[in-house]
Amino acid sequence: MRTGRPSQEQLRRNFESVLTNVLSGRGVRTETGLDSPTENALWAIRYAFPDASDALVAAAYRAFAGQIDGSNAAAWRTEMDRRIAERGARPRPPGPPGPPADRGPVPRPGP
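So, how was this worked out
- Residues numbered from 1 in each chain as written.
- Predicted model: local features only at pLDDT ≥ 70, side-chain atom pairs only at ≥ 80, totals over all residues.
- Heavy atoms only, no water.
- Helix = DSSP H or I, 4+ residues; strand = E, 2+ residues; numbered from the N terminus.
- Phe/Tyr/Trp six-rings, centres within 6.5 Å; stacked < 30°, edge-to-face > 60°.
- Buried < 20%, exposed > 50% of the residue type's maximum accessible area, 1.4 Å probe, protein only.

In this section: the environment of Arg 13. Within the element layout of this structure, Arg 13 appears in helix α1 (residues 8-23). Residues Arg 13 and Thr 32, spaced 19 residues apart in sequence, show a C-alpha to C-alpha distance of 9.6 Å.

Structural data, given as structure tokens:
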């Protein structure tokens, strides 16, 4: 069992190994340390097998570069911030009021 995050060298080896797998028709294995955009690009190659284009392979390399330079994570954080802000801007649906702030002591059952 691995502890901590994989090094950049380990990530590179994992990416190259998974790329080789998907180009030969196998799937993307789990626990590689690759992020979702990179895995999605690799799955696109697998689903295109045996006709994976050079453009799909180039997209996988771009996605992996985004993982290494942190731009994939930054894009994810930006999207999450946008979604959270959007949810906060929505009016709350009408409904019963919540519980009162102070409900007092909890009644105990009789003997």
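That was the structure; now back to the text.
What follows concerns the packing of aromatic side chains. Applying the stated rule across the entire model yields three aromatic pairs. For the pair Phe 15 and Phe 64, a centre-to-centre distance of 4.5 Å together with 10° between the ring planes defines the contact as stacked. On the criterion of sequence distance, the pair formed by Phe 15 in helix α1 and Phe 64 in helix α3 (residues 54-69) is long-range, its members being 49 residues apart. Accessibility expressed as a relative area gives 1% for Phe 15, which makes it buried. Taken together, Phe 15, Tyr 61 and Phe 64 form an aromatic cluster joined through their ring pairs.

Turning to unusual backbone geometry, a few remarks are in order. Across the chain, the bulk of peptide bonds are trans and the bulk of non-glycine residues have phi less than zero. Cis geometry is adopted by the peptide bond preceding Pro 50, which originates at Phe 49 and carries an omega value of 5°. With respect to the secondary-structure elements, Pro 50 resides in the loop between α2 (36-48) and α3.

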